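Notes for the structure review
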2 protein chains.
Amino acid sequence: MKVNDVVAHIQDGRDRFLADLKDWLAIPSISGDPAHAPDVRRSAEWLAAYLREQGFPTVETWETAGLPAVFAEWPAADPDAPAVVVYGHHDVQPVEPLSEWETDPFKPVEKGDRLIGRGASDDKGQVLFHTLGLRAALAASGADAPPVTIKLLVEGEEESGSVHFAELLRTHRARLDCDAVVISDTTMWAADVPSMCTGMRGLTEVELTLRGPSSDLHSGSFGGAVPNPLHAMVALLASLHDDAGRVTLPGFYDTVVPLTDEERALFARLPFDEDAWLRTAGDSRAAYGEEGYSTLERIWARPTAEINGMWGGHTGPGGKTIVPREAHAKISFRLVAGQDPAAVRDSFRAWVANGTPPGVLAEVRTSGGGVRPCFSPIDSAGVRAARRAMERAFGGEILLTREGGSGPEADLADILDAPLIFVAVGLNGDRIHAPNEKVEIPLLLKGAEAAAYLWEELATALR
Amino acid sequence: MKVNDVVAHIQDGRDRFLADLKDWLAIPSISGDPAHAPDVRRSAEWLAAYLREQGFPTVETWETAGLPAVFAEWPAADPDAPAVVVYGHHDVQPVEPLSEWETDPFKPVEKGDRLIGRGASDDKGQVLFHTLGLRAALAASGADAPPVTIKLLVEGEEESGSVHFAELLRTHRARLDCDAVVISDTTMWAADVPSMCTGMRGLTEVELTLRGPSSDLHSGSFGGAVPNPLHAMVALLASLHDDAGRVTLPGFYDTVVPLTDEERALFARLPFDEDAWLRTAGDSRAAYGEEGYSTLERIWARPTAEINGMWGGHTGPGGKTIVPREAHAKISFRLVAGQDPAAVRDSFRAWVANGTPPGVLAEVRTSGGGVRPCFSPIDSAGVRAARRAMERAFGGEILLTREGGSGPEADLADILDAPLIFVAVGLNGDRIHAPNEKVEIPLLLKGAEAAAYLWEELATALR
């Protein structure tokens, strides 16, 4: 397959691709709004019809307890070829505040190199570049089938929490059997700094309740002589971090996969403007975190303990001089490669039991199993292959990033038991989840080009 | 004045005294309930008429912006004799839950040695024993006037926070000029352990707000790299106490009048059942407080810092993985002799400014000036005189107590600039503020007897 052939085929298909994408973007598939459920279904039907037209031999609409996903499969000619699941979503974010949109969010328009409309970047544009890329690859190679079996899975509830997605994966586990999962729902560092995500932090949440007296007590009569659960709470939670900003739970870092020197060097080469970042961080006045790590390393590759909420005693207007009966806190942990949500919860429980003072009773509640971190080692075959494909498309080095939180990606990695590969061309400036969402058309075409090269790279790498 | 004469006169007056007290107790002078405002006025009128009948040359009803107080003055024959303000209140607590009363709260009844009804102990019974005592003293001595000028001040809003009392004191400051203030609104340790209160803790309150980002942040995108104001709050407030349970504000203890060995020895002689006390303290599971002090010393004579309430971030159901924008805490300090509420607030402000980490903004709000602690040194002339009067009445040693909180007493001491002397015969078991309030009639008569001796003791001591 010659580069020029692929590029030529993509250029040839550009206008039709954009016209098709605009058709799809015109469907307001807002999964978070029940009034738009029919639109999400219409979006799934549109995509299924489109994929059939593009030549996918198998196209199915998969129902869930909520909104439907679309599955399409294009088997490799070689039955021993690797299989790859490509994940994306066809639902979109709500559009409020509508008054801030300069154009109708569901009447997509091109302005120069930009295509503007809800879903242009997140995620319809990034789903659809795969079809353009695949068609270009087939045309350039003259083959009837891709060099790997491609299983496209496009869910309809990502923007409303992917609540039925794990169940969907388990239901269709056999059909989704694969050697890798390609995710096209992330961003690059910048248009002129193409990059690839290699990991996402996981999550586990706990709620801590400390109980003292059976009722609020008059602090004049009792203050200073019985334990105050709010005092116990601040003492306990203050000791959750040490002076270096490290989490003090025993064993918390023991299994963490450390950042390699190569990753740190690659992170450090990203042109990061900390002042600008602080402005995006709610005008935070200072960067603060674990000593010895940069801001990017802290949010991408280091685990955290974060108090998300705390309450107890008198919280209304005016004063009330009491020793309160209870104190509460909600705490979440962001986890990185090597950490297990259940092990962190167990460690927290033991730490609380050990640190609760006499006269105070502690209760730790958890709900759900948390989200496992996901991580693709940068020297793994899949990441190296995808990086090569992107380097061929962009004509230069692809730097590395990670993401601080995660959605359904960890479910994909866990349930399908396959490594994740992030190939995406969105930008942080695409205003996803905000008014005037856009995508850079040249980047969409580069995404298609990378996708065209990806299958042959993976066919070799994953064997 | 012979003891037997006084006792005989009190015994002679007993039945009439109890009949009069019952008349007064039948008036439901609940100051906290606006519907009972006319009853509070009726109670003031009853008391004014009664005091005239008892021979007070001057009796006035003093209006406030709320409910009226009664003032009565009986000048000493000697114009150079000391003057003493006697403080009490004629309003009472609400009676809910009414179903738990075994008798009508406003149909007072005698059962054996007990008089049952709302206000029997708090405070009508303890106001009225002064008239019985004064009449017995005058009868026993054959004098027309007491040996000190007595200025009885009985307010009508104590149970609803004495909101207009300081203003009343300032308005009538000249008329209330005095050498000491006798307070008859406290309790003794036990019927068989007569005691006298010598101090009450003061109070000052602050509200602390810590601000981080301008909005709640996604903890996946930002957690671990910007300051979390809840983390700053727990770190700051955890450092408000040291490991010995001492408050760490610089200078907090510098001006505290220390407990004397004599007071500590007298406190230690009180038969204190800590397990029983813990049950009254909301079934607290352990005593806890400043090292080196007993529970009674902690609540009576040591200052505290107490977190009364705290809140920030997500406090509703379920999880919300945010770095919250704000954290709040309400903190009150109980203060003891020698401490100044304004100085403690200033110290807290400086301490917060010094301990707030970079990237977090702190705001300390205060309202009102706080309550000064009040304290009468046990070797002061007034306390010694009152203790002698009580020892003569009870026929044995009077032990010492303090109280952990205070009402309008500090205003009396501050505005009238006079030492406080606590002469009272209520018991902790009198169920004041609860259903079935009662007073022990023999103790009321002992109170009258102590009051009878008090004036000649004070006449000598205060000269």
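The rules behind each value
- Residues numbered from 1 in each chain as written.
- Chains lettered and ligands numbered in written order.
- Predicted model: local features only at pLDDT ≥ 70, side-chain atom pairs only at ≥ 80, totals over all residues.
- Heavy atoms only, no water.
- Helix = DSSP H or I, 4+ residues; strand = E, 2+ residues; numbered from the N terminus.
- Rg over C-alpha atoms; globule rule 2.2 N^0.38 Å.
- Buried < 20%, exposed > 50% of the residue type's maximum accessible area, 1.4 Å probe, protein only.
- Contact = heavy atoms within 4.5 Å.
- Lys, Arg positive; Asp, Glu negative; His and termini not counted.
- Charge placed at Lys NZ, Arg CZ, Asp CG, Glu CD.
- Buried area = accessible area lost by both parts, 1.4 Å probe.
- Salt bridge = Lys/Arg side-chain N within 4 Å of Asp/Glu carboxyl O.
- Polar contact = N/O pair within 3.5 Å; in protein donor to acceptor, adjacent residues only side chain to side chain.
- UniProt positions renumbered as here; feature names shortened; annotations may be inferred.
- Phe/Tyr/Trp six-rings, centres within 6.5 Å; stacked < 30°, edge-to-face > 60°.
- Lys NZ or Arg CZ within 6 Å of the ring centre and 35° of its normal.
- Least-squares fit on C-alpha atoms with pLDDT ≥ 70 in both.
- Expected span 1.5 Å × (residues − 1).
- Pairing = 2+ DSSP bridges.
- Axes fitted to C-alpha atoms, helices over the stretch in contact; angles between N-to-C directions.
- Left-handed = near helix turned anticlockwise from the far one by under 90°.
- Nonpolar A, V, L, I, M, F, W, Y, C, P; charged D, E, K, R; others polar.

As annotated in an unreviewed UniProt entry, chain A is Dipeptidase from Actinomadura graeca.

The helix and strand inventory of chain A stands at 13 helices and 20 strands. For a compact globule of 463 residues, the expected C-alpha radius of gyration is about 23 Å, and chain A comes in at 25 Å, within 12% of that figure. Per-residue burial over chain A gives 60% buried out of 463 residues. Long-range contacts, defined as pairs at least 24 residues apart, comprise 80% of the intrachain contacts of chain A with a sequence gap of at least 6. Mean positive and mean negative side-chain charge positions of chain A (43 and 68 charges, respectively) differ by 1 Å.

The next subject is the interface of chain B and chain A. Counting residues at the interface gives 72 residues for chain B and 72 residues for chain A. Approximately 5,100 Å² of surface area, both sides summed, lies buried where chain B meets chain A, with 56% of it carried by carbon and sulfur atoms. Counting the contacts that link chain B with chain A gives zero salt bridges. For the pair chain B and chain A, the interface holds 38 residue pairs in polar contact (both at pLDDT 80 or more).

What follows deals with the UniProt feature "domain: Peptidase M20 dimerisation" (unreviewed entry) in chain A. Mapped onto this numbering, the UniProt entry gives "domain: Peptidase M20 dimerisation" (unreviewed entry) at residues 199–358 of chain A. Segment residues 199–358 of chain A splits into 32% helix and 22% strand. End C-alpha atoms: 42 Å apart.

How two aromatic rings sit relative to each other is set out by the distance from centre to centre and by the angle between their planes. On inspection of all chains with the given rule, the structure shows 28 aromatic pairs over all chains. A ring pair is formed by Phe222 of chain A and Trp277 of chain B, whose centres lie 5.5 Å apart and whose planes are at 45°; its orientation type is tilted. Within this pair, whereas Phe222 of chain A is found in helix 5 (residues 219–222), its partner Trp277 of chain B is found in helix 8 (residues 274–280), the two belonging to separate chains. For Phe222 of chain A, a relative accessible area of 14% gives the class buried. Accessibility expressed as a relative area gives 11% for Trp277 of chain B, which makes it buried. One residue, Arg392 of chain A, lies across the ring of Tyr453 of chain A, its end atom 4.1 Å from the ring centre.

Mapping between the two copies of the chain is achieved by a rotation about an axis and a shift along the axis. Expressed as a screw operation, the relation of chain B to chain A combines 0.0 Å of axial shift with a rotation of 180°, fitting to an RMSD of 0.1 Å. Here the copies are linked by what is in effect a two-fold axis. A high fraction, 100%, of the interface residues of chain B reappear at the interface in chain A, so the copies pair face to face through one surface.

Here we take up helix 13 (residues 441–461) of chain B. Between its terminal C-alpha atoms helix 13 of chain B stretches 29 Å, which fits the 30 Å expected from 21 residues at 1.5 Å a residue. Counting buried residues in helix 13 of chain B gives 16 out of 21 residues, a clear majority hidden from the surface.

So, about the sheet that holds strand 18 (residues 420–422) of chain B. Residues and elements named next belong to chain B. Strand order in this open sheet of six strands is 1-2-6-3-7-18, and the pairing throughout is mixed. The outermost strands of the open sheet, each flanked by one partner alone, are strand 1 (58–62) and strand 18. Neighbour-to-neighbour, the strand axes of the sheet open up by a mean angle of 20°, direction not taken into account. Note that strand 2 (residues 69–74) and strand 6 (residues 149–155) share five bridges and pair antiparallel. Residue pairing across strands places Ala72 opposite Leu152, the latter belonging to strand 6. Sitting on the sheet, helix 2 (residues 37–53) is in contact with strand 1, strand 2 and strand 6, with an inclination near 10° to strand 2.

Let's shift gears to the packing of helix 1 (residues 3–25) of chain B against helix 3 (residues 124–141) of chain B. Residue and element names in this part refer to chain B. For the pair helix 1 and helix 3, interaxial distance at closest approach is 9 Å and the crossing angle is 145°. The hand of the helix 1/helix 3 crossing is right-handed. Together, Asp5, Val6, His9, Ile10, Gly13, Phe17, Asp20, Leu21, Trp24 and Leu25 of helix 1 and Lys124, Gly125, Val127, Leu128, Phe129, Leu132, Ala136, Ala139 and Ala140 of helix 3 make up the contact between the two elements. Each residue belonging to the contact of helix 1 with helix 3 can be placed in one class, and the counts come to 13 nonpolar, three polar and three charged.

Time to look at the sheet that holds strand 4 (residues 109–111) of chain B. Residues and elements named next belong to chain B. Strand order in the open sheet made by the three strands is 4-5-20, with antiparallel pairing throughout. What marks the edges here is a single partner per strand, and that holds for strand 4 and strand 20 (438–440). For this sheet, the mean angle separating the axes of adjacent strands, direction not counted, is 25°. In this structure, strand 5 (residues 114–116) lies alongside strand 20, joined through three bridges in antiparallel fashion.

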